[in-house]
2 protein chains.
Amino acid sequence: MATKEIPYKIYLEESEMPKDWYNVRADMKNKPAPLLNPGTLQPMTFDDLRPVFCDELVRQELDDTTAYIPIPEDIRNFYKMYRPSPLVRAYCLEEKLQTPAKIYYKFEGNNTSGSHKLNSAIAQAYYAKQQGLKGVTTETGAGQWGTALSMACAYFDLDCKVYMVKVSYEQKPFRREVMRTYGASVTPSPSETTNVGRKILEKHPGTSGSLGCAISEAVEAATSQEGYRYVLGSVLNQVLLHQSVIGLESKAAMDKYGIKPDIIIGCAGGGSNLGGLISPFMGEKLRGEQDYQFIAVEPASCPSFTRGKFAYDFCDTGMVCPLAKMYTLGSGFIPSANHAGGLRYHGMSTTLSQLYHDGLMEARSVEQTSVFAAAQQFARVEGILPAPESSHAIRVAIDEALKCKETGEEKTILFGLTGTGYFDMVAYEKFNNGEMSDYIPTDEDLQPGFDSLPVMP
Amino acid sequence: MATKEIPYKIYLEESEMPKDWYNVRADMKNKPAPLLNPGTLQPMTFDDLRPVFCDELVRQELDDTTAYIPIPEDIRNFYKMYRPSPLVRAYCLEEKLQTPAKIYYKFEGNNTSGSHKLNSAIAQAYYAKQQGLKGVTTETGAGQWGTALSMACAYFDLDCKVYMVKVSYEQKPFRREVMRTYGASVTPSPSETTNVGRKILEKHPGTSGSLGCAISEAVEAATSQEGYRYVLGSVLNQVLLHQSVIGLESKAAMDKYGIKPDIIIGCAGGGSNLGGLISPFMGEKLRGEQDYQFIAVEPASCPSFTRGKFAYDFCDTGMVCPLAKMYTLGSGFIPSANHAGGLRYHGMSTTLSQLYHDGLMEARSVEQTSVFAAAQQFARVEGILPAPESSHAIRVAIDEALKCKETGEEKTILFGLTGTGYFDMVAYEKFNNGEMSDYIPTDEDLQPGFDSLPVMP
């Protein structure tokens with residue numbers, strides 16, 4: 001194909017948007033290990049999962065053979081409100097770096113949730129509505145997922161109950177108000193509204209909460225009320241499936257101009273963005289059609305891939321959820337107060353964990369001061385103020401582009417710019433004032449996490 | 001032209017983006033009255049203005065005969081980072097309202113400044129750079145203009161000094177940090193860095209500042225330092241010229257699909273967005289080629305068009321700037337604490353003032369609780385959380401669409417969605433809590449403003 005002149009931003013036509021999600025598990029020889037019932041240690045079945053999750057989402061969770069799953073028309077129409085997202089050629093960054101590399105990023109921040117989370121939120125809300133449910137419950141820490149879900153529920157007129165970690169509820173009142181504007185009820189967790197919340201409050205009256213506790217409250221709220229289910233914004237296979245729209249659009253846009261990425265980079269917390277971005281490219285690699293270098297980027301303070309163990313572990317700190325086989329720092333691991341709240345998770349998607357274990361992708365950990373330096377450099381030339389999470393990918397994209405400058409290689413780099421940093425200005429302020437520090441856990445710090453790994457039979 | 005199916009979002013190709021700005025003054029029979037020198041009451045000349053503004057911008061300010069002014073390539077390339085902005089068909093809002101009207105909005109919020117202000121900021125920074133200046137100074141209240149200018153200056157490696165009204169500096173630390181992230185120095189005004197600031201602080205030690213004072217400080221900072229000029233984000237003719245890119249893109253996108261708007265609606269503070277949106281359409285009306293209904297929407301608490309006088313007045317509260325003939329509430333008028341900071345200005349663009357005076361456009365004033373109700377309704381169906389300023393236009397667009405529902409008319413409505421409300425969550429919180437109130441000045445409230453109008457010879 002003749003090389004066309006590449007515009008600054010490649011937008012697909014609406015008619016070119018994906019009509020199916022791509023399920024990368026279908027092309028994996030080594031499937032991700034199944035979730036286990038924590039009581040029986042047997043694989044979770046449809047019937048085990050359906051009291052918690054919507055039926056159709058359970059089906060998607062368990063389906064590791066169907067490669068393409070149609071995107072319902074209502075979801076495709078909602079996608080059209082903020083998608084296709086632009087694939088941006090970072091001409092200005094390339095010039096600033098004086099690199100021969102060609103840098104592209106897929107920008108998912110142009111919607112009110114400020115991140116890619118909306119791609120799965122609208123799907124999960126849709127299936128809840130289809131099932132005739134009254135509403136859904138969830139937890140949120142940094143607030144991106146809660147915001148996305150509140151937007152999706154407003155669209156389908158579903159009730160949305162968000163348990164927000166108390167410290168975030170108090171420190172991020174703006175995120176909370178966005179959710180309320182979309183009609184969600186936002187409860188600081190732990191709360192008096194659930195048994196588990198009341199127990200924790202009794203034991204630790206002054207606690208500022210944790211994600212693990214918020215998950216437990218949200219699950220209890222869903223399972224104890226008629227017509228409610230629990231939804232989750234990352235880690236799960238169903239979420240990676242919905243997020244494949246990122247990679248499918250990226251690939252379609254690149255194919256249109258005859259571009260092949262050499263390196264594909266994404267930040268990794270629970271894996272939703274990274275898994276979505278790389279899925280269709282990984283599919284080609286798994287089928288032996290094309291090779292790509294994939295790099296997962298995680299915070300040095302929460303290094304699941306680079307320093308974790310590949311083992312069965314609890315997905316939540318409260319140890320009530322199913323066991324997943326994944327790279328984990330142990331469900332008891334408490335990450336330090338890194339500013340990329342969306343990446344502070346002890347575990348990782350089972351799908352990505354298997355791919356990493358099989359040597360199909362790489363991982364790097366980076367320190368937050370170097371991440372914010374990359375964020376600032378990027379913002380000043382590309383205009384977009386990136387989220388701290390997304391800036392992990394920027395850091396490694398710049399590092400790779402600078403390597404090309406040294407070697408003279410004209411590699412094509414694609415990274416996922418998952419969101420914007422408008423609600424992260426406290427972190428930017430620390431960086432601007434030179435008050436940000438790094439934290440790398442010692443091997444001893446990791447012990448309490450690893451020690452709590454359940455012993456498998 | 002055959003009607004094509006209209007997509008949710010119409011994006012122009014980069015090759016279809018405007019190559020010239022359109023200067024609506026060229027087609028006006030009654031030109032806007034010239035700025036007057038406050039000392040001599042004679043029209044301001046090139047030489048009067050060049051100590052304060054960049055040379056090329058002074059030329060643009062004074063040029064009321066050239067219809068098309070080429071957009072320099074560097075500016076067009078910067079535009080490509082965040083433009084073309086989408087022209088959105090509000091299918092979901094139409095369905096929610098059950099109106100036969102067809103609603104379109106031009107969305108200018110998809111850039112880090114969060115508003116259309118960047119369109120002029122990058123132009124002003126470019127001409128400053130071309131002139132070999134070291135930097136520029138400006139004032140900011142709500143912070144949108146200051147953010148846009150700091151982004152533009154980062155791109156051209158210019159120093160950027162922003163005087164931020166002290167109360168905003170303290171209450172909006174996040175806006176301040178965005179500017180600092182882009183390398184701007186942000187000084188709370190009044191400050192010890194200028195003579196005028198020191199004088200005011202001596203007289204009113206505890207003052208929280210005002211826009212008028214910040215303007216005076218920024219002008220002093222520009223004129224007292226070698227290599228600096230002052231820049232302004234609204235009101236001026238040059239700003240309307242740069243903002244014409246909004247209207248030109250809107251018109252090109254509509255023409256592509258054979259769409260003719262019947263009503264064009266924009267919020268009006270100083271007039272930069274409204275003037276930019278309507279310019280090319282107004283040109284057709286002025287040339288007798290096509291008729292349109294134009295509606296300016298302003299806050300009931302600061303009703304320059306609907307309750308002001310068409311007279312010469314000072315542009316600033318400090319009465320140091322030139323006199324402009326405009327609809328004004330008097331430079332001494334203090335608007336109440338309306339949450340649309342960008343619309344709290346006592347005066348109005350001289351160009352728009354003349355067009356309104358000549359009966360070529362209409363104006364309406366709306367109360368802020370009804371504005372936030374419209375904002376919330378819009379956000380829940382269209383996904384975008386709008387800025388309070390932009391929501392004034394949403395209010396009237398919804399009102400007009402509901403009129404169509406009554407009459408059955410299938411009017412086509414176009415409105416300007418100038419920005420996002422991510423930094424306005426304090427206002428949304430008040431609305432969500434039912435604590436927002438309206439304020440309409442009495443005729444007596446307006447007297448102090450009108451009384452301070454200078455007596456013309």
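Under the definition given, this model contains 46 salt bridges over all chains. Where Asp27 of chain B meets Arg287 of chain B, a salt bridge forms, and the shortest distance between an N and an O atom there is 2.9 Å. One end of the pair, Asp27 of chain B, is in the loop between β2 (20–22) and α1 (46–49); the other, Arg287 of chain B, is in the loop between α12 (272–286) and β11 (293–299), and 260 residues separate them in sequence. Look at Arg287 of chain B and you get partly exposed, because its relative accessible area is 37%. For Lys161 of chain B, the salt bridge identified is with Asp159 of chain B, shortest N-O distance 3.3 Å. Accessibility expressed as a relative area gives 26% for Asp159 of chain B, which makes it partly exposed. Salt bridges linked by common partners bring Arg83, Lys106, Glu108 and Glu249 of chain A together as one network.

The subject of this paragraph is the relation of the copies chain B and chain A. Screw-axis analysis of chain B against chain A gives a translation of 0.0 Å along the axis, an RMSD of 0.0 Å, and a rotation angle of 180°. Considering both components of the superposition, the chain copies are consistent with a two-fold axis. Minimal C-alpha distance to the rotation axis in chain B is attained by Asn110 of chain B, lying at 3.1 Å. Both copies share a contact surface, since 100% of the interface residues of chain B are interface residues in chain A too.

All names here are of chain A. The domains assigned to chain A are domain 1 (9–16 + 82–114 + 244–451) and domain 2 (20–70 + 116–237). Measuring from the centre of the C-alpha atoms in domain 1 to the corresponding centre in domain 2 gives 22 Å. Between domain 1 and domain 2, the residue contacts involve 48 residues of the former and 38 residues of the latter. A combined buried area of about 3,500 Å² lies between domain 1 and domain 2, and 62% of that area is made up of carbon and sulfur atoms. The largest share of the area that domain 1 buries against domain 2 comes from Ser113, Leu323 and Phe423, three residues that together contribute 18% of it. Summed over the shared surface of domain 1 and domain 2, the number is 2 salt bridges. At the boundary of domain 1 and domain 2, one finds 13 residue pairs in polar contact (both at pLDDT 80 or more). For the side of domain 1 that touches domain 2, the leading source of residues is helix α12 (residues 272–286), giving 7 residues. Its residues assigned to classes, the side of domain 1 that touches domain 2 shows 19 nonpolar, 21 polar and 8 charged.

Attention now moves to the sheet that holds strand β6 (residues 135–140) of chain A. Residue and element names in this part refer to chain A. As summarised here, the arrangement of the 4 strands in space is β8-β7-β6-β9, forming an open sheet in which the pairing is parallel. Across the chains shown, the open sheet's two edge strands, defined by having one partner strand only, are β8 (185–189) and β9 (228–230). Sheet twist, expressed as the average angle between the axes of neighbouring strands with direction ignored, equals 25°. Two elements, strand β7 (residues 159–165) and β8, share 5 bridges in a ladder whose sense is parallel. Note that in β8 the partner of Met164 across the bridge is Pro188.

Residues and elements named next belong to chain A. Buried within helix α18 (residues 443–451) are the following residues: Leu446, Gly449 and Phe450. The arc that holds the buried residues of α18, viewed along the axis, is 95°, so those residues lie on one side. Relative to its buried face, α18 has exposed residues pointing more than 90 degrees away, namely Glu444 and Asp451. In this structure, the buried side of α18 is in contact with α13 (304–307), β12 (309–314) and β13 (323–328).

Using a probe with the size of a water molecule, rolled over the atoms, empty space left in the structure can be pinpointed. This model, assessed by the stated rule, comprises 8 cavities of 30 Å³ or more. In this structure, the largest cavity encloses a volume near 280 Å³. What lines the largest cavity is a set of 31 residues, among which Asn110 and Asn111 of chain A together with Phe107, Asn110 and Ile384 of chain B lie closest to the centre. With 3 residues, helix α3 (residues 73–82) of chain A is the largest single contributor of residues to the lining of the largest cavity. Tallied by class, the residues present in the lining of the largest cavity amount to 17 nonpolar, 12 polar and 2 charged. If you add up the space inside the second largest cavity, you get close to 210 Å³. Every residue lining the second largest cavity is counted, 22 residues in all, and those nearest its centre are Lys9 and Ile384 of chain A together with Met81, Tyr82 and Asn110 of chain B. The set of elements that each furnish at least two residues to the lining of the second largest cavity consists of β5 (102–107) of chain A together with α3 (73–82) of chain B. Counting residues per element, the lining of the second largest cavity draws most heavily on α3 of chain B, which supplies 3 residues.

Turning next to the nonpolar core. Met361 of chain A together with Met361 of chain B are the most contacted members of the largest nonpolar core, which totals 238 residues. Discounting chain neighbours no more than four positions away, the residues touching Met361 of chain A are Leu274, Ile278, Met282, Phe294, Ala296, Phe305, Leu352, Leu355 and Tyr356 of chain A.

Looking now at the packing of helix α5 (residues 118–130) of chain B against helix α6 (residues 144–156) of chain B. Residues and elements named next belong to chain B. The contact between α5 and α6 brings their axes to 8 Å, and the two run at 40°. Considering the angle they form, α5 stands oblique to α6. By crossing handedness, the relation of α5 to α6 is classed as right-handed. Together, Leu118, Ser120, Ala121, Ile122, Gln124, Ala125, Tyr126 and Lys129 of α5 and Trp145, Ala148, Leu149, Met151, Ala152, Cys153, Tyr155 and Phe156 of α6 make up the contact between the two elements.

This brings us to the interface of chain B and chain A. Buried accessible area, meaning the area lost when the parts come together, often serves as the stated size of an interface. Contacts between the two partners involve 43 residues from chain B, matched on the other side by 43 residues from chain A. Where chain B touches chain A, the interface holds 27 residue pairs in polar contact (both at pLDDT 80 or more). Contributing elements (two or more residues each) for the side of chain B that touches chain A: α3, α6, α8 (173–181), α15 (368–382) and α17 (425–432) of chain B. Residue contributions to the side of chain B that touches chain A peak at 6 residues, all from α8 of chain B. Its residues placed into classes, the side of chain B that touches chain A shows 22 nonpolar, 10 polar and 11 charged.

Let's shift gears to the environment of Val426 of chain A. Checked against the element boundaries, Val426 of chain A lands in helix α17 (residues 425–432). Separated by 254 residues in sequence, Val426 of chain A and Lys172 of chain A have C-alpha atoms that sit 9.8 Å apart.

Counting through the fold element by element, Gln354 of chain B comes out in helix α14 (residues 350–357). When residues no more than four places from it in sequence are discounted, the contact partners of Gln354 of chain B are Met28, Asn30, Lys31, Pro32, Ala33 and Phe310 of chain B.

Looking now at the packing of aromatic side chains. Scanning the model with the defined rule gives 45 aromatic pairs over all chains in all. For the ring pair Phe378 of chain A and Phe415 of chain A, a centre distance of 6.2 Å and an interplane angle of 70° mean the geometry is edge-to-face. Linking Phe378 of chain A in helix α15 (residues 368–382) with Phe415 of chain A in strand β15 (residues 412–417), this pair joins segments that are 37 residues apart in sequence. Residue class for Phe415 of chain A comes out buried when judged on its relative accessible area of 0%. Measuring from ring centre to ring centre gives 5.8 Å for Phe305 of chain B and Tyr327 of chain B, while their planes differ by 55°; the resulting arrangement is tilted. In this pair, Phe305 of chain B is assigned in helix α13 (residues 304–307) and Tyr327 of chain B in strand β13 (residues 323–328), connecting sequence segments 22 residues apart. Taken individually, Phe305 of chain B and Tyr327 of chain B each receive the classification buried, so the pair is uniform in this respect.

This part takes up the sheet that holds strand β5 (residues 102–107) of chain B. Residues and elements named next belong to chain B. Pairing in this open sheet of 7 strands is mixed, and the strands run β1-β4-β5-β15-β10-β11-β14 from one edge to the other. Strands at the two margins of the open sheet, each flanked by one partner only, are β1 (9–10) and β14 (362–366). Relative to strand β15 (residues 412–417), strand β10 (residues 263–267) is paired through 3 bridges, and the arrangement is parallel. Bridge pairing in β15 places Ile265 opposite Phe415. The sheet strands contacting α12 are β10, β11 and β15, and the helix crosses β10 at an angle near 155°.

The rules behind these values
- Residues numbered from 1 in each chain as written.
- Chains lettered and ligands numbered in written order.
- Predicted model: local features only at pLDDT ≥ 70, side-chain atom pairs only at ≥ 80, totals over all residues.
- Heavy atoms only, no water.
- Salt bridge = Lys/Arg side-chain N within 4 Å of Asp/Glu carboxyl O.
- Helix = DSSP H or I, 4+ residues; strand = E, 2+ residues; numbered from the N terminus.
- Buried < 20%, exposed > 50% of the residue type's maximum accessible area, 1.4 Å probe, protein only.
- Least-squares fit on C-alpha atoms with pLDDT ≥ 70 in both.
- Contact = heavy atoms within 4.5 Å.
- Domains from an automatic or database assignment.
- Buried area = accessible area lost by both parts, 1.4 Å probe.
- Polar contact = N/O pair within 3.5 Å; in protein donor to acceptor, adjacent residues only side chain to side chain.
- Nonpolar A, V, L, I, M, F, W, Y, C, P; charged D, E, K, R; others polar.
- Pairing = 2+ DSSP bridges.
- Axes fitted to C-alpha atoms, helices over the stretch in contact; angles between N-to-C directions.
- Arc of directions from axis to C-beta.
- 1 Å grid on protein atoms, 1.4 Å probe; cavity = no way out; pocket = protein on both sides within 12 Å on 5 of 7 lines; lining within 4 Å.
- Points joined across faces, edges and corners; volume = space filled by probe spheres on them.
- Core = buried A, V, L, I, M, F, W, Y, C linked by side-chain atoms within 4.5 Å.
- Parallel < 35°, antiparallel > 145°, perpendicular 65-115°, else oblique.
- Left-handed = near helix turned anticlockwise from the far one by under 90°.
- Phe/Tyr/Trp six-rings, centres within 6.5 Å; stacked < 30°, edge-to-face > 60°.

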